[in-house]
Amino acid sequence: MIVRDQPNVFKLLFSWRGTILPKVLPPLGVVMLLSTIIGGLSYTDYFHFPELPLVGFTLIGVVLSIFLGFKNSACYDRWWEARKMWGILIANSRHFDRDCRMLSQGRRQRVIQHVIVFANVLRDRLRHQTANPTELVETSGLTSQAISQLYQQANAPQYTLSLIQWELMQALKEGEISDIIYTQMNQHVAELSVVQTGCDRIATTPLPFAYSVLLNRTVYFFCFMLPFSLGSTLGLATPLLVGILAYTFLGLDALSSEIEEPFGKQSNDLPLDSMVRTIEIELLSTLGKPTPPPIQAQDHNLL
């Protein structure tokens, strides 16, 4: 995720890092080159391409804007829902820290360690990556054998939640907590399970492929055919107007595709590493353990 102070108008106009321009620059360059050729030929009266009716492009542009707006809204809803899910995860980790103080010191420490592990393995599951077991052993405080057993599970986050619930059940059996306290604390486990389910749903259910392909093809068709409609009218000014229109349509299409998958490592994806580190710092500090340093943004990009 790009994090930076709100730039002034000049800096905002020439921003590069974190914008969608690097992704759309190749097709945008082709469209502007085509516009230059068509506009130059028309301006010099060397050759006139058949003029396509502008009213047709106007109607297509209006319809395309509506569908691009719908796609961007749908993709942003996915991004924002994912952020809310991780907000719930952070909130529940704090709930565990407060409620677990009723447990014995050893059991409280194990529950907190499992909450830290849950945040790590959920992030790795969503990003389709494998964490460094050594780092997870150092951060969570669990043994290497426990971490190895964890990675043998088909669903590591769910397995971690089952370990937390087992600790709570043992505390209930041994009389450390009452059934009312157990029910309250077990609710946090259920909420973490809901978070994982919601994140899995977002990660495994993208927008319908046929819809995305249709919209993408229409955007490129519109942008590459636009010079043939405006070339004879605008002449040498054709690349400027076509470039602005093409940047808008190509940029909206590329931006929606980027935020459609909010758990990746692209510039506008969620900073899962930073949120996991926040959980680690807060929970480890309550246990009196050494805390890792906060993750800093590199070149305004926070992972």
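With an unreviewed UniProt entry as reference, the chain is termed Bestrophin, source organism Acinetobacter wanghuae. Here the chain is described in UniProt, under the heading Sequence similarities (unreviewed entry), as follows: "Belongs to the anion channel-forming bestrophin (TC 1.A.46) family." The annotation that UniProt attaches to the chain under Subcellular location (unreviewed entry) is "Cell membrane".

Enquirer: Could you clarify how one ought to interpret the overall build of the chain in this entry?
Expert: For the chain, the helix and strand inventory stands at 11 helices and zero strands. In the chain, the succession of α and β elements from N to C terminus is α-α-α-α-α-α-α-α-α-α-α. Here the chain has a C-alpha radius of gyration of 26 Å; the compact-globule value for 303 residues is 19 Å, and the former is much larger. Overall, the C-alpha framework of the chain stretches about 90 × 35 × 35 Å when taken along its three principal axes.

Enquirer: Explain the pattern of salt bridges here, please?
Expert: Once their charged atoms are close, side chains differing in charge can pair, the charge on each being opposite to the other. Tallied over the full model, the rule gives 16 salt bridges. Glu-261 is paired through a salt bridge with Arg-78; the nearest N and O atoms lie 3.9 Å apart. Of the two residues, Glu-261 sits in the loop between α10 (238-259) and α11 (272-286) while Arg-78 sits in helix α3 (residues 54-99), which places them 183 residues apart along the sequence. A salt bridge links Asp-97 to Arg-108; its shortest N-O distance comes to 3.3 Å. Here Arg-108 lies in helix α4 (residues 105-127) and Asp-97 lies in helix α3, a separation of 11 residues in the sequence.

Enquirer: Help me understand the nonpolar core, please; the structure alone is not making it clear to me.
Expert: A general feature of soluble globular proteins is that nonpolar side chains tend to end up buried together. With 43 residues, the main nonpolar core has Trp-86, Leu-89, Phe-96, Leu-103 and Phe-263 as its most contacted residues. Those elements giving two or more residues to this core turn out to be α3, α4, α7 (156-173), α8 (179-204) and α11. For this core, the element with the most residues is α3, which contributes nine residues. Aside from chain neighbours lying at most four places away, what touches Leu-89 is Phe-118, Ala-119, Leu-122, Leu-192, Val-195 and Ile-279. One finds Leu-64, Leu-215, Val-242 and Ala-246 within the second-largest nonpolar core, a separate group that totals 18 residues.

Enquirer: Please clarify how unusual backbone geometry should be interpreted in this entry.
Expert: Among all residues save glycine, negative phi is the norm, and among peptide bonds the norm is trans. For His-128, which is not a glycine, the phi torsion comes out positive at approximately 55°. Position of His-128 among the secondary structure elements: in the loop between α4 and α5 (133-140).

Enquirer: Looking at this structure, how should I read a nonpolar patch on the surface?
Expert: A grouping of Val-62, Val-63, Ile-66 and Phe-67 is seen on the molecular surface, where their side chains present a nonpolar patch of about 360 Å² in accessible area. With respect to the helices and strands, the residue Val-62 is situated in helix α3. With a relative accessible area of 47%, Val-62 lands in the partly exposed category.

Enquirer: What should I look at first to understand the packing of α4 against α5 in this one?
Expert: Packed helices, taken two at a time, are described by the angle their axes make and the gap between the axes. Interhelical geometry of α4 versus α5 gives an angle of 145° and a closest axis separation of 9 Å. α5 is crossed by α4, and the crossing has right-handed handedness. Between α4 and α5, the contacting residues are Gln-113, Ile-116, Val-117 and Asn-120 on the first element and Leu-136, Thr-139 and Ser-140 on the second. A per-class count over the contact of α4 with α5 returns three nonpolar, four polar and no charged.

Enquirer: Would you mind showing me how to read the packing of aromatic side chains here?
Expert: The geometry of an aromatic ring pair is captured by the separation of the ring centres together with the interplanar angle, meaning the angle of the planes. Inspection of every chain in the model, using the stated rule, returns five aromatic pairs. Each ring, one from Tyr-220 and one from Phe-224, has its centre 6.3 Å from the other, and the planes form 15°; the classification is stacked. Here Phe-224 and Tyr-220 lie together in helix α9 (residues 209-234), a separation of four residues that amounts to about one turn. Classification of Tyr-220 as partly exposed rests on a relative accessible area of 31%. Judged by relative accessible area, which is 26%, Phe-224 ranks as partly exposed. One aromatic cluster is present, built from ring pairs that chain together Tyr-76, Trp-79 and Trp-80.

Enquirer: In this structure, what is going on with the environment of Thr-248? I would like to understand it.
Expert: Tracing the sequence through the fold places Thr-248 in helix α10. Residue Thr-248 is classed as partly exposed on the basis of its relative accessible area, which comes to 38%. For the pair formed by Thr-248 and Cys-223, sequence separation is 25 residues and the distance between their alpha carbons is 9.9 Å. Within polar-contact distance, the side chain of Thr-248 engages the backbone oxygen of Ile-244 at 2.9 Å.

Enquirer: Sorry if this is basic, but what is going on with the packing of α3 against α4 here?
Expert: Here α3 crosses α4 at 170°, and the two axes come no closer than 10 Å. Taken together, the axes of α3 and α4 are roughly antiparallel relative to one another. Of the residues in α4, those touching α3 at Trp-86, Leu-89, Ser-93, Phe-96 and Asp-97 are Arg-108, Val-111, Ile-112, Val-115, Phe-118, Ala-119, Leu-122, Arg-123 and Leu-126. When the residues that make up the contact of α3 with α4 are grouped by side-chain class, the tally is 10 nonpolar, one polar and three charged.

What counts and how
The numbering scheme is per chain: residues are counted from 1 as the chain's sequence reads. Local features in a predicted model are, by the rule used here, given only for residues with pLDDT of at least 70; side-chain atom pairs are given and counted only at 80 or more, and totals for whole chains, interfaces and linings are based on all residues. The side-chain values count all of the structure's non-hydrogen atoms but skip hydrogen atoms and water molecules. UniProt positions are given in the numbering used here, feature names are shortened, and annotations may be inferred rather than shown by experiment. Runs of E in the DSSP output that reach at least two residues are strands. Runs of H or I that reach at least four are helices, and both are numbered from the N terminus. C-alpha atoms define the radius of gyration, and 2.2 Å times the number of residues to the power 0.38 defines the globule rule. What makes a salt bridge here is a side-chain nitrogen of Lys or Arg within 4 Å of a carboxyl oxygen of Asp or Glu, nothing more. Here, nonpolar core means buried Ala, Val, Leu, Ile, Met, Phe, Trp, Tyr and Cys residues that are tied together by side-chain atoms lying within 4.5 Å of each other. Relative accessible area decides the class of each residue, using a 1.4 Å probe on protein chains only: under 20% of the type maximum gives buried, over 50% gives exposed, and in between gives partly exposed. Contact between two residues is taken to exist if any of their heavy atoms lie within 4.5 Å; hydrogens are not considered. Patch construction takes residues with relative accessible area above 30% that form no salt bridge. Like charges are linked within 9 Å, and nonpolar side chains (Val, Leu, Ile, Met, Phe, Trp, Tyr) are linked within 5 Å. Working definition of accessibility: Shrake-Rupley area with a 1.4 Å probe, residue cover restricted to the visible protein chains. Structural elements are reduced to axes, namely lines fitted to C-alpha atoms, with helices fitted over the stretch in contact, and the angle between N-to-C directions of any two is expressed from 0 to 180 degrees. Crossing handedness is defined as follows: a turn of the near helix away from the far one that is anticlockwise and smaller than a right angle gives a left-handed crossing, while the clockwise case is right-handed. Any residue outside Ala, Val, Leu, Ile, Met, Phe, Trp, Tyr, Cys, Pro, Asp, Glu, Lys and Arg is labelled polar, Gly included; the first ten of those are nonpolar and the last four are charged. Pairing of aromatic side chains here covers Phe, Tyr and the six-membered ring of Trp, requires ring centres within 6.5 Å, and sorts the geometry by plane angle: under 30 degrees stacked, over 60 edge-to-face, intermediate tilted. Two N or O atoms form a polar contact when they lie within 3.5 Å of each other; inside protein one atom must be a possible hydrogen donor and the other a possible acceptor, and for residues adjacent in sequence the pair counts only when both atoms belong to side chains. Throughout this description, any angle smaller than 35 degrees is read as roughly parallel, any larger than 145 degrees as roughly antiparallel, any in the 65 to 115 degree range as roughly perpendicular, and the remainder as oblique.

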